[in-house]
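Close look at the chain arrangement
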Amino acid sequence: MLLAVVNDMLGLRLLALGPVIAILAAFGFSMMGAIMGCRWYLGSLLFGLASLVMAALPHFQYLLLGAMWCVAQLVGGVWLEIDKRRRPSGAHLV
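Reference entry: report on the structure contained in this document.

Cut-offs applied
Position numbers for residues start from 1 in each chain and track the written sequence from start to end. The predicted origin of the model limits local features to residues at a pLDDT of at least 70 and limits the giving and counting of side-chain atom pairs to 80 or more, whereas totals for whole chains, interfaces and linings rest on all residues. Processing note: side-chain calculations cover all non-hydrogen atoms of the structure and skip hydrogens and water entirely. Where helices and strands are cited, they refer to DSSP runs of H or I of at least four residues and of E of at least two residues respectively, numbered from the N terminus. Radius of gyration: C-alpha atoms only; globule rule: 2.2 Å multiplied by the number of residues to the exponent 0.38. The classification of residues rests on relative accessible area computed with a 1.4 Å probe and restricted to protein chains. Under 20% of the type maximum is buried, over 50% is exposed, and intermediate values are partly exposed. Shrake-Rupley sampling with a 1.4 Å probe provides the accessible areas, and residues are treated as covered by the protein chains on show and by no other component. Axis lines are fitted to C-alpha atoms, over the contacting stretch for helices. Their N-to-C directions set the angle, which ranges from 0 to 180 degrees. Oblique is the label for any angle not covered by the other classes, which are roughly parallel (under 35 degrees), roughly antiparallel (over 145) and roughly perpendicular (65 to 115). By the convention used here, residues are in contact when the closest approach between their heavy atoms is within 4.5 Å. When residues are sorted by character, Ala, Val, Leu, Ile, Met, Phe, Trp, Tyr, Cys and Pro go into the nonpolar class, Asp, Glu, Lys and Arg into the charged class, and all the rest, Gly among them, into the polar class. Nonpolar side chains (Val, Leu, Ile, Met, Phe, Trp, Tyr) are joined into patches within 5 Å and like charges within 9 Å, using only residues with over 30% relative accessible area and no salt bridge. Salt bridges, as used here, are contacts in which a Lys or Arg side-chain nitrogen is within 4 Å of a carboxyl oxygen on Asp or Glu. In this scheme, a helix's expected span is set at 1.5 Å multiplied by one less than its residue total.

Let's talk about the overall build of the protein
- Of the regular secondary structure elements, the protein holds 4 helices and 0 strands.
- Mapped in sequence order, the helices and strands of the protein form the string α-α-α-α.
- Relative to the compact-globule value of 12 Å for 94 residues, the protein shows a C-alpha radius of gyration of 17 Å, a clear excess of over 25%.
- Projected onto the principal axes, the alpha-carbon positions of the protein cover approximately 55 × 20 × 20 Å.
- Residue burial in the protein is summarised as follows: out of 94 residues, 22% are buried.
- Accessible surface computed for the protein: about 6,800 Å², of which carbon and sulfur atoms make up 75%.

Here it is as structure tokens:
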């Protein structure tokens, strides 16, 4: 709802903040990379590239954003589950 209001205030006919959302996601993944390990930088790179594709193909921006989030959630969950299974039983991260 807020996205539609912002786009209307900007005078945009198409909801055009998809690339911005992808850039913010890229920033979030870069922070995860700094904290949790280098492999999370891959998500940052992919969301950054996706933002460029979304800007080039605005009619498909939310389809691309949804697909990227689906892949990011699936791959991130698998990575975390693999790390969890590699830890000895009873071991805690903190």
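On we go from here.
Some points on the packing of helix H2 (residues 18-36) against helix H3 (residues 41-56)
- Contact geometry for H2 and H3: axes closest at 7 Å, N-to-C directions at 170 degrees. Relative to H3, the element H2 is oriented roughly antiparallel. Contact residues: H2 offers Gly18, Pro19, Ala22, Ile23, Ala25, Ala26, Phe29, Ser30, Gly33 and Ala34, while H3 offers Tyr41, Gly43, Ser44, Phe47, Gly48, Ser51, Met54 and Ala55.
- A breakdown of the residues in the contact of H2 with H3 according to their chemical character gives 11 nonpolar, 7 polar and no charged.

Concerning the packing of H3 against helix H4 (residues 61-86)
- Closest axis-to-axis distance for the H3/H4 pair is 10 Å, and the angle between their directions is 170 degrees. The orientation of H3 relative to H4 falls into the category roughly antiparallel. Facing H3, whose interface residues are Leu42, Leu46, Phe47, Ala50, Val53 and Met54, H4 presents Gln61, Leu64, Leu65, Met68, Trp69, Ala72 and Trp79.

Thoughts on a nonpolar patch on the surface
- Taken together, the side chains of Leu42, Leu45, Leu46, Leu49 and Leu52 define a hydrophobic patch exposed on the protein surface, amounting to about 470 Å² of accessible area.
- Its location among the elements puts leucine 52 in helix H3.

Notes on H4
- Its 26 residues place the ends of H4 37 Å apart at the C-alpha level, agreeing with the 38 Å of an ideal helix rising 1.5 Å per residue.
- Within H4, burial applies to Gln61, Leu65, Met68, Ala72 and Gly76.
- Turning to H4, the residues buried within the fold contact H2 and H3.

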